[in-house]
Amino acid sequence: MKRTEIQLAIKKFNQLLTIYPDNKDSTFYFLNFLKQFLRIKSPKSELCLVSFITILKHERPIIFYEFRKRGEYDNVINFMIHLTVVDYEKAKNDINNMSINRTSVN
(Lines give C-alpha, C1' and ligand atoms only; values in the text may rest on other atoms or scores of the structure.)
Protein backbone atom coordinates (compact mmCIF):
# COMPACT_ATOMS: atom_id res chain seq x y z
CA MET A 1 0.00 0.00 0.00
CA LYS A 2 2.76 2.49 0.88
CA ARG A 3 4.47 1.90 -2.47
CA THR A 4 1.22 2.84 -4.14
CA GLU A 5 1.17 6.14 -2.24
CA ILE A 6 4.71 6.88 -3.39
CA GLN A 7 3.89 5.99 -6.98
CA LEU A 8 0.79 8.18 -6.95
CA ALA A 9 2.83 11.04 -5.51
CA ILE A 10 5.47 10.66 -8.23
CA LYS A 11 2.74 10.72 -10.86
CA LYS A 12 1.26 13.87 -9.31
CA PHE A 13 4.69 15.53 -9.15
CA ASN A 14 5.30 14.79 -12.84
CA GLN A 15 1.87 16.22 -13.67
CA LEU A 16 2.71 19.41 -11.77
CA LEU A 17 5.96 19.72 -13.72
CA THR A 18 4.01 19.38 -16.96
CA ILE A 19 1.16 21.73 -16.08
CA TYR A 20 2.77 24.59 -14.17
CA PRO A 21 5.49 26.84 -15.57
CA ASP A 22 8.46 28.12 -13.61
CA ASN A 23 7.01 31.30 -12.19
CA LYS A 24 6.04 32.76 -8.84
CA ASP A 25 2.35 31.96 -9.35
CA SER A 26 3.06 28.22 -9.60
CA THR A 27 4.84 28.08 -6.24
CA PHE A 28 1.63 27.42 -4.31
CA TYR A 29 0.87 24.20 -6.19
CA PHE A 30 4.31 22.69 -5.64
CA LEU A 31 4.43 23.80 -2.03
CA ASN A 32 1.01 22.35 -1.32
CA PHE A 33 2.00 19.07 -2.95
CA LEU A 34 5.25 18.79 -0.96
CA LYS A 35 3.60 19.57 2.36
CA GLN A 36 1.01 16.86 1.69
CA PHE A 37 3.75 14.49 0.62
CA LEU A 38 5.47 14.90 3.99
CA ARG A 39 2.55 13.00 5.55
CA ILE A 40 3.40 9.79 3.70
CA LYS A 41 5.12 7.36 6.02
CA SER A 42 7.37 5.08 3.99
CA PRO A 43 11.08 4.21 3.92
CA LYS A 44 11.15 5.50 0.33
CA SER A 45 9.49 8.84 1.11
CA GLU A 46 12.70 10.49 2.33
CA LEU A 47 14.60 9.59 -0.84
CA CYS A 48 11.64 10.71 -2.89
CA LEU A 49 11.42 14.07 -1.11
CA VAL A 50 15.12 14.73 -1.66
CA SER A 51 14.67 13.86 -5.34
CA PHE A 52 11.63 16.14 -5.68
CA ILE A 53 13.52 19.08 -4.17
CA THR A 54 16.59 18.42 -6.32
CA ILE A 55 14.49 18.26 -9.47
CA LEU A 56 12.69 21.48 -8.56
CA LYS A 57 16.00 23.20 -7.91
CA HIS A 58 17.18 22.35 -11.43
CA GLU A 59 13.97 22.40 -13.47
CA ARG A 60 12.07 25.16 -11.67
CA PRO A 61 14.67 27.62 -10.31
CA ILE A 62 12.18 30.47 -9.87
CA ILE A 63 9.88 28.27 -7.78
CA PHE A 64 12.87 27.01 -5.78
CA TYR A 65 13.90 30.62 -5.16
CA GLU A 66 10.39 31.35 -3.86
CA PHE A 67 10.74 28.35 -1.54
CA ARG A 68 13.99 29.81 -0.22
CA LYS A 69 12.32 33.16 0.47
CA ARG A 70 9.43 31.48 2.27
CA GLY A 71 11.84 29.23 4.14
CA GLU A 72 13.06 32.28 6.04
CA TYR A 73 9.83 32.25 8.05
CA ASP A 74 8.55 28.68 7.59
CA ASN A 75 10.59 25.92 9.24
CA VAL A 76 9.03 23.14 7.15
CA ILE A 77 10.00 24.84 3.90
CA ASN A 78 13.42 25.67 5.28
CA PHE A 79 13.91 21.99 6.11
CA MET A 80 12.86 20.91 2.62
CA ILE A 81 15.07 23.29 0.66
CA HIS A 82 18.15 22.13 2.52
CA LEU A 83 17.65 18.52 1.41
CA THR A 84 19.30 19.00 -1.98
CA VAL A 85 22.20 16.66 -1.45
CA VAL A 86 21.61 14.46 -4.50
CA ASP A 87 22.93 14.82 -8.02
CA TYR A 88 20.22 15.91 -10.46
CA GLU A 89 20.60 12.87 -12.74
CA LYS A 90 20.53 10.53 -9.74
CA ALA A 91 17.36 12.23 -8.50
CA LYS A 92 15.67 11.73 -11.89
CA ASN A 93 16.76 8.08 -12.00
CA ASP A 94 15.58 7.44 -8.44
CA ILE A 95 12.14 8.87 -9.20
CA ASN A 96 11.86 6.87 -12.41
CA ASN A 97 12.91 3.66 -10.67
CA MET A 98 10.43 4.15 -7.84
CA SER A 99 7.57 4.85 -10.25
CA ILE A 100 8.31 1.77 -12.35
CA ASN A 101 9.21 -0.70 -9.58
CA ARG A 102 5.65 -1.82 -8.77
CA THR A 103 6.37 -5.40 -7.77
CA SER A 104 9.14 -5.02 -5.21
CA VAL A 105 8.27 -5.40 -1.57
CA ASN A 106 9.87 -3.49 1.33
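Let us look at the structure shown here. For clarity, every value in this text was computed on a predicted model and none was experimentally measured.

Reading the values: the criteria
- The numbering scheme is per chain: residues are counted from 1 as the chain's sequence reads.
- Selection of residues for local features in this predicted model requires a pLDDT of at least 70, selection of side-chain atom pairs for listing and counting requires 80 or more, and totals for whole chains, interfaces and linings are taken over all residues.
- To obtain the side-chain values, all non-hydrogen atoms of the structure were included, while hydrogens and water were left out.
- The numbering of helices and of strands both runs from the N terminus, where a helix is a DSSP run of H or I of at least 4 residues and a strand a run of E of at least 2.
- For each residue, the accessible area found with a 1.4 Å probe, counting protein chains only, is set against the maximum for its type, and the residue is called buried under 20%, exposed over 50%, and partly exposed in between.
- Only heavy atoms matter for contacts: two residues are in contact if any of them lie within 4.5 Å across the pair.
- The term salt bridge refers to a side-chain nitrogen of Lys or Arg lying within 4 Å of a carboxyl oxygen of Asp or Glu.
- Only C-alpha atoms enter the line fits that serve as axes; for helices the fit covers just the stretch in contact. Angles between N-to-C directions range over 0 to 180 degrees.
- Oblique is the label for every angle not falling under 35 degrees (roughly parallel), over 145 degrees (roughly antiparallel), or within 65 to 115 degrees (roughly perpendicular).
- Should the near helix be turned counterclockwise from the far one by less than a right angle, the crossing is left-handed, whereas a clockwise turn marks it as right-handed.
- Aromatic pairing here means that ring centres of Phe, Tyr or Trp (its six-membered ring) are within 6.5 Å. Orientation follows from the plane angle: under 30 degrees is stacked, over 60 is edge-to-face, and everything else is tilted.
- Taken from the helix axis, the directions to the C-beta atoms give the arc we talk about.

### Notes on the overall build of the chain
Here is step 1: Helix and strand counts for the chain stand at 6 helices and 0 strands.
Here is step 2: Counted from the first residue to the last, the chain has its helices and strands arranged as α-α-α-α-α-α.
Here is step 3: Across the 106 residues in the chain, those meeting the buried criterion constitute 42%.
Here is step 4: For the chain, long-range pairs separated by at least 24 residues make up 76% of all intrachain contacts whose partners lie at least 6 apart in sequence.

### Here's the deal with the pattern of salt bridges
Here is step 1: All told, the structure shown has 4 salt bridges when counted by the stated rule.
Here is step 2: One salt bridge in this structure joins lysine 90 and aspartate 94, with 3.0 Å as the shortest N-O distance. A residue pair is termed a helical-turn pair when its members lie 3 or 4 positions apart in one helix, as lysine 90 and aspartate 94 do in helix α6 (residues 88-100) at 4 residues.
Here is step 3: By relative accessible area, which is 43% here, lysine 90 ends up partly exposed.

### A look at the packing of helix α3 (residues 45-59) against α6
Here is step 1: It is at 9 Å that the axes of α3 and α6 come closest, and there the two elements cross at 130°. Comparing their axes, α6 and α3 come out oblique. Our pair here, α3 against α6, has a crossing hand that is left-handed. Contact with α3, carried on its side by Leu47, Cys48, Ser51, Phe52, Thr54, Ile55, His58 and Glu59, involves Tyr88, Ala91, Lys92, Asp94, Ile95 and Met98 of α6 and no other residues of that element.

### Points about the packing of aromatic side chains
Here is step 1: Enumeration according to the criterion identifies 8 aromatic pairs in this entry.
Here is step 2: A ring pair is formed by phenylalanine 13 and phenylalanine 30, whose centres lie 6.4 Å apart and whose planes are at 80°; its orientation type is edge-to-face. Of this pair, phenylalanine 13 sits in helix α1 (residues 2-19) while phenylalanine 30 sits in helix α2 (residues 27-37), and the two are 17 residues apart along the sequence.
Here is step 3: Take phenylalanine 30: its relative accessible area is 0%, and that puts it in the buried class.
Here is step 4: Taken together, the ring pairs in this structure connect Phe13, Phe30, Phe33, Phe37 and Phe52 into an aromatic cluster.

### Topic: α2
Here is step 1: Among all positions of α2, only Thr27, Phe30, Leu31, Phe33, Leu34 and Phe37 are buried. Within α2, the buried residues cover an arc of 160° as seen down the axis, which keeps them to one side.

### Some remarks on the side chain of serine 51
Here is step 1: Within the secondary structure layout, serine 51 lies in helix α3.
Here is step 2: Accessibility expressed as a relative area gives 0% for serine 51, which makes it buried.
Here is step 3: Discounting residues that sit within four places of it in the chain, serine 51 has contacts with Ala91, Asp94 and Ile95.

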